Amino acid sequence: PYAKTKDILSKAHNEGYGVGAFNVNDLEFIQAIVKAAVMENSPAIIEASEGALKYAGDGDVEKGAFILADMVRRYADAVSVPISLHLDHGHDLKHIMAAIKAGFTSVMIDASDKPLEENIRITRQIVEVAHAAGVAVEAELGRLMGIEDNVASAESVLVDPDEAKRFVTETQVDFLAPAVGTSHGAFKFKGEAKIDYERISKVKELTQLPLVLHGASGVPAQWVELAEKYGADLSGAKGVPDEVLQEAVKRGINKVNTDTDLRIAFLAGLRKHLAENPKEFDPRKYFGEAKDFVTEVVRDRMKMLGSSGKA
Ligand SMILES: O=C(COP(=O)(O)O)N(O)CCCCO
Ligand code: NA
Ligand SMILES: [Zn+2]
């Protein structure tokens, strides 16, 4: 059934496992994620960024929010596993309000590029409105490397655990995304893939909240190789290894944001189908194989994070 992100994450927090938060822009990805959750008997968080709302609504964010929320709710209510819908990287109050009106059960306010005082002020404002509507709030502290949507932060600023304690006390957010060394996209690390485990443990201890890991895609070699076999150029792609994610979950990460892995799997499936079926022009066939690959990569992630069987 359509569920509250807060209920999904409270259970994961109490029982110590990770739940994938999978990004969508369209119908195929929603179908693939729901199918994977059913096959794994796993909860799932579906998330849409402001860009996804614009894409689904053909430029109209509120229309996109309602289209995506209606699709997710209908697919979720047709199955027995809990599925929620979350606004990822909300920056603009208007967009956050659109998500709340459309029935998203959680929203992220990302003011991590602002000084602490301002991040607190903005986040507190969103929490007030969201909580009044029964919607949970995620915020980010510290800064990921690379581009976060259109906010380019050259270097990563790791979260300060003491600041995190103050932040959650003063804002009353429901989930916190501490920056601990990851970054968005397919090219996460120049050298060794490492994140600051100690920092995760300290933030968990001080905040006692479900924690969120952004930039958590693994960029699995098998999918990169398959996409490259059929013409993609993903040289240098590197993600967070499974064992690193599993240690992060052990230390208190419960929501694991995954976008890039689904994009690469879809790309591999699409390229493979088109290369092998030159006569095919039915989109349900070539998008069909692409979305089956997304189902597979989501199932792998649910198994790896420990949410399989936890619905
Ligand atoms: O933290 C993440 C997931 O990041 P990724 O899947 O690139 O590791 N997201 O918030 C998804 C949207 C960011 C652009 O990909
Ligand atoms: Na998010
Ligand atoms: Zn993110």
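Structural data are supplied above this passage.
Residues numbered from 1 in each chain as written. Chains lettered and ligands numbered in written order. Predicted model: local features only at pLDDT ≥ 70, side-chain atom pairs only at ≥ 80, totals over all residues. Heavy atoms only, no water.

Chemist: Quick question: what am I supposed to make of the pairing of strand β1 (residues 19-23) here?
Modeler: Regular strands have side chains that alternate between both faces of the sheet. With five of its five residues buried, β1 lies for the most part within the structure. Because side chains alternate across β1, one face comprises the buried residues Val19, Ala21 and Asn23, and the other comprises Gly20 and Phe22, equally buried. Two elements, β1 and strand β10 (residues 253-258), share four bridges in a ladder whose sense is parallel. From the neighbouring strand, glycine 20 faces β10, where its bridge partner is valine 256. With three bridges joining them, β1 and strand β2 (residues 44-49) adopt parallel strand pairing. Directly across from alanine 21, in β2, lies its bridge partner isoleucine 45. For the crossover from β1 across helix α2 (residues 27-40) to β2, the handedness is right-handed. (Buried < 20%, exposed > 50% of the residue type's maximum accessible area, 1.4 Å probe, protein only. Helix = DSSP H or I, 4+ residues; strand = E, 2+ residues; numbered from the N terminus. Pairing = 2+ DSSP bridges. Right-handed = clockwise from strand over helix to strand, strands pointing away.)

Chemist: Is there a simple way to explain the coordination of the zinc ion (ligand 3) in this structure?
Modeler: Reference values for coordination geometry: four tetrahedral donors around a metal ideally subtend 109.5 degrees, six octahedral donors ideally subtend 90 or 180 degrees. Protein coordination of the zinc ion (ligand 3) is provided by His89 (NE2), His184 (NE2) and His214 (ND1), with donor distances spanning 2.0 to 2.2 Å. The motif formed by the donor residues of the zinc ion (ligand 3), counted along the single chain, is H-x94-H-x29-H. Between the zinc ion (ligand 3) and the sodium ion (ligand 2) the interatomic distance comes to 5.6 Å. Placement of histidine 89 in strand β3 (residues 83-90) and of histidine 184 in the loop between β8 (175-178) and α8 (197-207) is noted, with a sequence separation of 95 residues between them. With relative accessibility at 3%, the residue histidine 89 sits in the buried group. The class of histidine 184 is partly exposed, set by a relative accessible area of 24%. (Donors = N, O, S within 2.8 Å, 3.2 Å for Na, K, Ca; no water.)

Chemist: Sorry, what's going on with the coordination of the sodium ion (ligand 2) here?
Modeler: Protein coordination of the sodium ion (ligand 2) is provided by His86 (NE2), Asp88 (OD), Glu138 (OE), Glu138 (OE) and Lys255 (NZ), with donor distances spanning 2.6 to 3.1 Å. Here the donor residues of the sodium ion (ligand 2) share one chain and are spaced in sequence as H-x1-D-x49-E-x116-K.

Chemist: Sorry if this is basic, but what is going on with the site of ligand 1 here?
Modeler: The local shell around ligand 1 holds 14 residues, among which Asp88, Lys188, Ser217, Asp259 and Thr260 are the closest. One of the backbone N or O atoms of glycine 215 is found 2.8 Å from an oxygen atom in ligand 1. Serine 217 places a polar side-chain atom, nitrogen or oxygen, 2.7 Å from an oxygen atom of ligand 1. When ligand 1 is considered free in solution it has 380 Å² of accessible area, and contact with the protein chains removes 93% of it. Mapped by element, the contributors of at least two residues to the shell around ligand 1 are β3 and β10. (Near = heavy atom within 4 Å. Polar contact = N/O pair within 3.5 Å; in protein donor to acceptor, adjacent residues only side chain to side chain. Areas by Shrake-Rupley, 256 points an atom, 1.4 Å probe, with all protein chains shown as cover.)

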